[in-house]
Amino acid sequence: MRIIVDVMGGDNSPLETVKGACLAAEEFPATYILVGDKDEIERVADENGLDLSDLDIIHTDSVITMEDIPLSVVRDKGKSSMSTGLRMLAEGKGDVFVPAGNTGALYTGATLIVRKIKGINRAALASVLPMENPMLLLDCGANITVDGECLEQFAIMGSIYMHKIYGLSAPRVGLLNNGTEDIKGTELQIETYKLLTDSPSLNFVGNIEANMVPKDACDVLITDGFTGNILLKSIEGMGKMMLRTMKDIFYSDVLAKISGLLIKKKINDIKAVFDPNEHGGAPILGISKPVIKAHGSSGVTAFRNAIRQAETAAANDISAELEQGLSQLAAKETEV
C-alpha cells in the first residue's frame, strides 16, 4: 500500500504532520510518500531526531494556505503540495491521500483532479462524531446547499462506509431535523424523508433531533454541510468544556485530587471518547479514490490517526465498494 501524505497544509505543519507520518510509519507498514518542501521536511526531522530513511519525499515549492480560494488548487497553485498529492493519487502513484489543509481547496481538487464516482451528484465530507459508539455525520462542511437526491446518496455512501469500516450489518440512517414527525423541517427535509423511506437499500430510522445525537439514535446522520458543520463544532466545543469542567473539579482541593487519582483511568476513558483527535480524519466520500482529510489544527496524534484511518479505507477498497453499491442501487431502481 502507498500512502501519500501532504505534510505542509495544516496549522502545525510541517512539524506535527511529519511527526505524525513517522509515528504512523512505525505502526502501519506501508510505503509512505511525503509531499512538501524537502528542505523544511528534512530540517524538522533533523531537529527532532526523526528517521526519514524509509519514507519517500516529493518536493514542492508552494503550499495552499487556509486563506487561498478553493480554485487555487487547480489554478495559481496547481503545483502545491496538495495539488501534487491529488495528481499522484489520480495517476495511480498512490492508493490514498492524507492532507491537513484548506478543506474547500481539497474538496475542489479531489472533485476536479481525482474525480467523483460515476453517478454521484456531489461528494460529501464525513466525520465520525466523538460519541461512545461511532456515528458518521455527513455532510459536515463541503456542501452548503443540497437537494433530496444528494442527501439520499449521502445516506447510501455513509451506510456502505459504516458497514465496511465498522462492520455494521445494517447501519441505522437518521435525518437531522428539528422534530421527529415526517412533516417537520423545510421542503428539503420533507422531500428527503420520503426518499429515504422509499429507498430499498437503507435502514432508515427517521428524523433525528440534535438532542438525540448523544443517545445512540443512529449510525449515519445526514444533513447539509452548513448544518452539519455547526453540529460538529458544537459537539466538539461541548466536549472540551465538559472535560475542562471535570479537570477544574478534580483540582479544586486535596480531597478532590485524591478522588481524581482513584478514578483516573475512567476519566481518561471519557476523554478518549470525546477527543476528536482519537477519531482520525474525515473521508471525502464519493471520490473515485480515497481521500482522508485531517483536521487543519491536527497535532501528532490526530495526524497519525488520520493516516490510520486512510490505511483502513484503502485496505477495504472503500471507493470501489461505494461505486459498486451505488451502481447496484441504480440497477434496482431501473428495474422498478
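Above this text you will find the structure in question.
Notes on the structure in this doc start here. Quick caveat, the model's predicted, so the values are computed rather than measured.

Time to look at the side chain of aspartate 68. Within the secondary structure layout, aspartate 68 lies in the loop between strand S3 (55–59) and helix H3 (81–90). Once residues lying within four places of it in the same chain are set aside, the contact partners of aspartate 68 are Val63, Lys77 and Asn102.

Turning our attention to unusual backbone geometry. Each neighbour pair has its own omega, and for serine 13 with proline 14 the value is 0°, a cis peptide bond. Take proline 14: it is sitting in the loop between strand S1 (2–6) and helix H1 (15–27). A positive phi angle is found at arginine 115, which is not glycine, with a value near 80°. Looking at the element boundaries, arginine 115 is found in the loop between helix H4 (103–114) and strand S5 (124–129). With a phi close to 50°, aspartate 317 is a non-glycine residue in the positive phi region. Note on placement: aspartate 317 falls in the loop between helix H10 (300–315) and helix H11 (318–335).

Another point: the packing of H1 against H10. Packing of H1 against H10 leaves a shortest axis separation of 8 Å and a crossing angle of 50°. Relative to H10, H1 is oriented oblique. H1 and H10 meet at a crossing whose hand is right-handed. Within the contact between the two elements, H1 uses Glu16, Thr17, Lys19, Gly20, Ala21, Leu23, Ala24 and Glu27 and H10 uses Val300, Phe303, Arg304 and Ile307.

What follows concerns the packing of aromatic side chains. Tallied over the entire structure, the rule returns one aromatic pair. An angle of 80° between the planes, with centres 5.2 Å apart, marks the rings of tyrosine 193 and phenylalanine 204 as edge-to-face. In this pair, tyrosine 193 sits in helix H6 (residues 187–198) while phenylalanine 204 sits in strand S8 (residues 203–208), placing the two residues eleven residues apart along the sequence.

Quick look at the state of the cysteines now. Taken as a whole and assessed by the stated rule, the structure comprises zero disulfides. Cysteine cysteine 140 is unpaired, with the sulfur of cysteine 218 as its nearest cysteine sulfur at 14 Å. Overall, cysteine 218 belongs to the buried group, its relative accessible area being 0%.

Attention now moves to the pattern of salt bridges. Working definition: two side chains of opposite charge can pair if their charged atoms are close together. Throughout the structure, instances matching the rule amount to ten salt bridges. The partner of arginine 43 in a salt bridge is glutamate 40, with the nearest N and O atoms 2.9 Å apart. Here arginine 43 pairs with glutamate 40, and both are found in helix H2 (residues 38–47), just three residues apart, close to one helical turn. Put simply, arginine 172 and aspartate 219 hold a salt bridge, and the shortest N to O gap is 2.9 Å. Here the residue arginine 172 occupies a position in strand S7 (residues 172–176), and aspartate 219 occupies one in the loop between S8 and strand S9 (220–222), the gap between them amounting to 47 residues. The network of salt bridges with shared partners includes Glu40, Arg43 and Glu47.

Taken together, the five bridges between S7 and S8 define a ladder with parallel strand orientation. Of the residues in S8, the one forming a bridge with leucine 175 is asparagine 207. Handedness of the β-α-β unit built from S7, H6 and S8 comes out right-handed.

Time to look at a negative patch on the surface. Judged by side-chain charge, Asp147, Glu149, Glu187 and Glu191 come together as a negatively charged surface patch. Inspection of the secondary structure puts glutamate 191 in helix H6.

Turning to a nonpolar patch on the surface, a few remarks are in order. Taken together, Ile69, Leu71, Val74 and Leu112 make up a surface patch of nonpolar side chains, about 300 Å² in accessible area. Position of valine 74 among the secondary structure elements: in the loop between S3 and H3. The partly exposed category is assigned to valine 74, whose relative accessible area is 34%.

Further remarks concern H10. Compared with the 22 Å implied by 1.5 Å per residue over 16 residues, the 22 Å span of H10 between its first and last C-alpha is a close match. When H10 is considered as a whole, its buried residues turn out to be Ala302, Phe303, Arg304, Asn305, Ala306, Ile307, Gln309, Ala310, Ala313 and Ala314. Once H10 ends, the next one or two residues include aspartate 317, with phi positive near 50°.

In terms of nonpolar packing, the biggest core is built from 57 residues, with Leu138, Phe154, Ile222 and Ile307 touching the most fellow members. When near neighbours in sequence (up to four residues on either side) are disregarded, phenylalanine 154 contacts Arg122, Ala123, Ala124, Leu138, Asp139, Asn143, Val146, Ile222 and Thr223.

Glancing now at the sheet that holds S8. Strand pairing within a sheet occurs via backbone hydrogen bonds; the two strands may be parallel or antiparallel. An order of S8-S7-S9-S6-S5-S10-S11 is seen for the seven strands of this open sheet, with the pairing classed as mixed. Each of the sheet's edge strands pairs with one partner strand only, and the pair in question is S8 and strand S11 (292–293). As paired elements, strand S10 (residues 282–285) and S11 share two bridges and run antiparallel to each other. From the neighbouring strand, alanine 282 faces S11, where its bridge partner is lysine 293.

Secondary-structure assignment places serine 83 in helix H3. Using a relative accessible area of 0% as the deciding quantity, one classes serine 83 as buried. Sequence-distant contacts of serine 83, defined by excluding residues within four places in its chain, comprise Ile64, Val73, Lys77, Gly78 and Ile113.

Rules behind the numbers
- Residues numbered from 1 in each chain as written.
- Predicted model: local features only at pLDDT ≥ 70, side-chain atom pairs only at ≥ 80, totals over all residues.
- Heavy atoms only, no water.
- Helix = DSSP H or I, 4+ residues; strand = E, 2+ residues; numbered from the N terminus.
- Contact = heavy atoms within 4.5 Å.
- Axes fitted to C-alpha atoms, helices over the stretch in contact; angles between N-to-C directions.
- Parallel < 35°, antiparallel > 145°, perpendicular 65-115°, else oblique.
- Left-handed = near helix turned anticlockwise from the far one by under 90°.
- Phe/Tyr/Trp six-rings, centres within 6.5 Å; stacked < 30°, edge-to-face > 60°.
- Disulfide = S-S within 2.5 Å.
- Buried < 20%, exposed > 50% of the residue type's maximum accessible area, 1.4 Å probe, protein only.
- Salt bridge = Lys/Arg side-chain N within 4 Å of Asp/Glu carboxyl O.
- Pairing = 2+ DSSP bridges.
- Right-handed = clockwise from strand over helix to strand, strands pointing away.
- Patch = residues over 30% accessible without salt bridge, like charges linked within 9 Å, V, L, I, M, F, W, Y side chains within 5 Å.
- Areas by Shrake-Rupley, 256 points an atom, 1.4 Å probe, with all protein chains shown as cover.
- Lys, Arg positive; Asp, Glu negative; His and termini not counted.
- Charge placed at Lys NZ, Arg CZ, Asp CG, Glu CD.
- Expected span 1.5 Å × (residues − 1).
- Core = buried A, V, L, I, M, F, W, Y, C linked by side-chain atoms within 4.5 Å.

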